[in-house]
Amino acid sequence: MSGNVRSRLLDELSTVSRRYVASYALFNQALADRLGLHPTDLQCLNLLTLEREPVTTGRVAELTGLTTGSATRLVDRLERAGYVVRERDAVDRRRVLVATVPERIAEFGRMWERLGGDRSPLFEDLADDEVAVILRHMRRTVEFHGDRIARLREGRV
């Protein structure tokens, strides 16, 4: 591939990536508004549903990149909204865990489905190797953004 073609592709990728991120951020805002949540709270809820077990508020801070104080306030908001509960750890009664409320998560899931949450039709016309490239890109992007979040929070900009 000539340098000119690659340069144009990378320029277009940069533009499309910015539109992609903006569209998702705006979608996240609209969904959060609909649910009466802050967009960060919605994404925290999303991340909590990916965890296998209830987590500590410290883990919420790790997942979101927030300080422990901000994570505590976030959990407070999710608890007031009925999406999570705090419960004592059965093994170590001193630890408090944050657990999602299954009924509220199911309600969220139903709304997601009504919005066309299944994205598989977007990939139906792609070969497996093309889907693998997208998956690799998304994983790398998650790592990239995680690094950038840490740099911003630590003042390394």
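It should be noted that the structure appears before, not after, this text.
Conventions and cut-offs
Residues numbered from 1 in each chain as written. Predicted model: local features only at pLDDT ≥ 70, side-chain atom pairs only at ≥ 80, totals over all residues. Heavy atoms only, no water. Phe/Tyr/Trp six-rings, centres within 6.5 Å; stacked < 30°, edge-to-face > 60°. Helix = DSSP H or I, 4+ residues; strand = E, 2+ residues; numbered from the N terminus. Buried < 20%, exposed > 50% of the residue type's maximum accessible area, 1.4 Å probe, protein only. Lys NZ or Arg CZ within 6 Å of the ring centre and 35° of its normal. Patch = residues over 30% accessible without salt bridge, like charges linked within 9 Å, V, L, I, M, F, W, Y side chains within 5 Å. Areas by Shrake-Rupley, 256 points an atom, 1.4 Å probe, with all protein chains shown as cover. Salt bridge = Lys/Arg side-chain N within 4 Å of Asp/Glu carboxyl O. Lys, Arg positive; Asp, Glu negative; His and termini not counted. Charge placed at Lys NZ, Arg CZ, Asp CG, Glu CD. Polar contact = N/O pair within 3.5 Å; in protein donor to acceptor, adjacent residues only side chain to side chain. Contact = heavy atoms within 4.5 Å. 1 Å grid on protein atoms, 1.4 Å probe; cavity = no way out; pocket = protein on both sides within 12 Å on 5 of 7 lines; lining within 4 Å. Points joined across faces, edges and corners; volume = space filled by probe spheres on them. Nonpolar A, V, L, I, M, F, W, Y, C, P; charged D, E, K, R; others polar.

Novice: Would you explain the packing of aromatic side chains in this entry?
Specialist: Centre distance and the angle of the planes are the two values used to describe a pair of aromatic rings. Taken as a whole and assessed by the stated rule, the structure comprises one aromatic pair. The interplanar angle of 55° and the centroid separation of 6.0 Å between the aromatic rings of Y24 and F27 together place this pair among those described as tilted. Of the two residues, Y24 and F27 are both situated in helix 1 (residues 3-35); the distance of three residues between them amounts to about one turn of the helix. Judged by its relative accessible area of 30%, Y24 falls in the partly exposed class. Residue classification places F27 among the partly exposed residues on the basis of a relative accessible area of 28%. The side chain of R104 reaches across the aromatic face of Y83, ending 4.1 Å from its centre.

Novice: Help me understand a negative patch on the surface in this model?
Specialist: Residues E113, D118, E124, D125, D128, D129 and E130 make up a contiguous surface patch of negative charge. Of all the elements, helix 6 (residues 128-153) adds the most residues to the negative patch, at three residues. Considering the arrangement of structural elements, one finds D125 in the loop between helix 5 (102-114) and helix 6.

Novice: For this particular structure, what's the right way to read the pattern of salt bridges?
Specialist: Where charged atoms from two side chains of opposite charge approach closely, those side chains can pair. For the structure on display, the rule yields ten salt bridges. Linking R86 and D76 is a salt bridge whose minimum nitrogen-to-oxygen distance equals 2.7 Å. Of this pair, R86 sits in strand 1 (residues 84-88) while D76 sits in helix 4 (residues 68-80), and the two are ten residues apart along the sequence. Under the relative-accessibility criterion, R86 is labelled partly exposed at 29%. Through salt bridges that share partners, E51, R59 and E62 make up one connected network.

Novice: How do you make sense of the side chain of D89 when you look at a structure like this?
Specialist: Tracing the chain through its elements places D89 in the loop between strand 1 and strand 2 (96-100). With a relative accessible area of 10%, D89 lands in the buried category. For D89, the side chain forms a polar contact with the main-chain nitrogen of V91, separated by 2.8 Å. Excluding its chain neighbours within four sequence positions, the residues that come into contact with D89 are R95 and L97.

Novice: Looking at this structure, I do not really get the layout of surface pockets. What am I missing?
Specialist: In this approach, a probe sized like a water molecule rolls over the atoms, and the result shows the empty space that is left. When its volume is computed, the largest pocket comes out at roughly 2200 Å³. Taken together, 48 residues make up the lining of the largest pocket; nearest its centre are Y20, Y24, Q43, V142 and H145. Those elements that provide at least two residues to the lining of the largest pocket are helix 1, helix 2 (39-50), helix 3 (57-64), helix 5 and helix 6. Per-element tally for the lining of the largest pocket: the top contributor is helix 6, with 13 residues. For the lining of the largest pocket, the class distribution of residues is 26 nonpolar, 15 polar and seven charged. Counted as a void, the second largest pocket has a volume near 160 Å³. Around the second largest pocket, the lining residues are R6, L9, L10, E12, L13, V16 and H137. Looking at the lining of the second largest pocket element by element, the count peaks at six residues for helix 1.

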